[in-house]
Amino acid sequence: MRRVCLIASASGNGKTTTGRALAARLGVPFHELDALHHGPDWAPATADELRAKVELIVASPGWVVDGSYRGKIGDIVPEAAELVVWLDLPVHVWLPRLLKRTARRIVRREVLWNGNRERLRDVLHPTNSVVLYALRNYRRTRRTLRRELARFPLARLRTQEEVDRFLTDASARASAARRSTPQL
C-alpha cells in the first residue's frame with residue numbers, strides 16, 4: 001500500500017494526525033489538501049488550480065493525501081488511491097477534539113496554511129464556523145459517503161481503537177515489504 005486517501009465524516013476525526021502517522025509508517029509523502037486549497041486570506045483555489053496541484057501528487061508513486069475535495073475536483077484522489085480510509089468516529093469523540101483544536105488555534109494564534117489563522121469571529125459566524133459546519137453536515141455526509149465510497153477499496157474506521165490497529169497493521173505490512181524487497 002503506497003497511495004492512500006483519507007476522508008472523514010467531519011472535522012476532528014483525526015484525518016491529519018492519522019495521515020501524518022500513516023505516511024511516516026509507509027515512508028511516503030503526506031499531503032494536506034487544505035494547504036493547497038486555502039490561499040492567503042483564506043482565498044480558495046479554483047477547481048482548475050486545485051486539480052492541477054492534485055494531479056501532480058497522485059501521479060507520483062507513493063503518497064498519503066488528507067482530504068479529497070470531491071465536490072470541487074471529483075474523484076481524482078480516491079480513484080488514484082490503493083485504499084480510501086474513511087474516518088467515521090462518533091460525535092462524542094470528534095466534537096470535543098474539534099472544539100479543543102479550534103480553541104487552541106485561536107488562543108495560540110496558530111498559523112495554518114498560507115498564513116491563515118482561525119479567528120473567534122469565524123467560529124461564531126453561522127456560515128464560516130468549522131464547528132457549526134461539522135455539526136450541520138455530519139449526518140448527511142455519512143449517508144453520502146457510505147453510498148459514494150462503496151466503489152473504492154475502503155477501510156471504514158469507526159473507533160479510535162480501529163484507527164490505532166490500522167496504523168499498527170500498516171507499520172507491520174510496511175516493515176514486511178521492506179524486508180522482502182531485495183537490496184541492490
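Preceding block: the structure.
Rules used in this analysis
Residues numbered from 1 in each chain as written. Predicted model: local features only at pLDDT ≥ 70, side-chain atom pairs only at ≥ 80, totals over all residues. Heavy atoms only, no water. Axes fitted to C-alpha atoms, helices over the stretch in contact; angles between N-to-C directions. Helix = DSSP H or I, 4+ residues; strand = E, 2+ residues; numbered from the N terminus. Parallel < 35°, antiparallel > 145°, perpendicular 65-115°, else oblique. Left-handed = near helix turned anticlockwise from the far one by under 90°. Contact = heavy atoms within 4.5 Å. Buried < 20%, exposed > 50% of the residue type's maximum accessible area, 1.4 Å probe, protein only. Core = buried A, V, L, I, M, F, W, Y, C linked by side-chain atoms within 4.5 Å. Salt bridge = Lys/Arg side-chain N within 4 Å of Asp/Glu carboxyl O. Phe/Tyr/Trp six-rings, centres within 6.5 Å; stacked < 30°, edge-to-face > 60°. Pairing = 2+ DSSP bridges.

**So, the packing of helix α6 (residues 91-108) against helix α8 (residues 130-148)**
- Close contact between α6 and α8 brings their axes to 10 Å; oriented N to C, the two are set at 165 degrees. Considering their axes alone, α6 and α8 lie roughly antiparallel with respect to each other. Every pair of crossing elements has a handedness; the one defined by α6 and α8 is right-handed. Two secondary-structure elements touch here, α6 through V91, W94, L95, L98, L99, R101 and T102 and α8 through V130, V131, A134, L135 and Y138.

**Looking at the environment of A170**
- Position of A170 relative to the elements: it lies in helix α9 (residues 160-180).
- Setting aside residues no more than four positions away along its own chain, A170 makes contact with M1, L22 and L26.

**Section: the environment of P96**
- Relative to the helices and strands, P96 is located in helix α6.
- Taking the relative accessible area as the measure of exposure, P96 reaches 46% and is therefore partly exposed.
- Considering only alpha carbons, one finds P96 and G12, 84 residues apart in sequence, at a separation of 8.0 Å.

**Let's talk about the nonpolar core**
- In terms of nonpolar packing, the biggest core is built from 20 residues, with V54, V58, W63, V77, V84 and L149 touching the most fellow members.
- For this core, the element with the highest residue contribution is helix α3 (residues 47-58), accounting for 4 residues.
- Setting aside anything within four residues of it in sequence, one finds V84 in contact with C5, I7, P78, L149, F152, P153, L154 and A155.
- Residues L83, L87, A155 and A170 belong to the second largest nonpolar core, which totals 19 residues.

**Thoughts on the pattern of salt bridges**
- Counted according to the given criterion, the structure contains 13 salt bridges.
- The residue R70 makes a salt bridge to E148 at a minimum N-O spacing of 2.8 Å. In this pair, R70 is assigned in helix α4 (residues 70-73) and E148 in helix α8, connecting sequence segments 78 residues apart.
- With a relative accessible area of 19%, R70 lands in the buried category.
- Here E148 falls in the partly exposed class, since its relative accessible area comes to 31%.

**Quick look at unusual backbone geometry**
- The backbone phi angle of D41 is positive, close to 60 degrees, even though this residue is not glycine.
- Note that D41 resides in the loop between α2 (33-37) and α3.
- A positive phi angle is found at R109, which is not glycine, with a value near 50 degrees.
- Note that R109 resides in the loop between α6 and α7 (120-124).
- By relative accessible area, R109 is classed as exposed at 53%.

**Description of the packing of aromatic side chains**
- For the coordinates displayed, the defined rule picks out 2 aromatic pairs.
- Both rings, one in W94 and one in Y138, keep their centres 5.1 Å apart while their planes meet at 50 degrees; by these two values the pair is tilted. In this pair, W94 is assigned in helix α6 and Y138 in helix α8, connecting sequence segments 44 residues apart.
- The buried category is assigned to W94, whose relative accessible area is 0%.
- For Y138, a relative accessible area of 7% translates into the label buried.

**A word on the sheet that holds strand β3 (residues 63-66)**
- Pairing is parallel across the open sheet formed by 5 strands, whose spatial order is β2-β3-β1-β4-β5. Since the sheet does not close on itself, it has two edges, and those belong to β2 (30-32) and β5 (154-157), each with one partner. Strand after strand, the sheet turns through a mean of 20 degrees between neighbouring axes, direction not considered.
- With 5 bridges joining them, strand β1 (residues 3-8) and strand β4 (residues 83-87) adopt parallel strand pairing. From the neighbouring strand, C5 faces β4, where its bridge partner is V84.
- Contacting β1, β2, β3 and β4, helix α1 (residues 15-26) crosses the sheet at an angle of about 165 degrees to β1.

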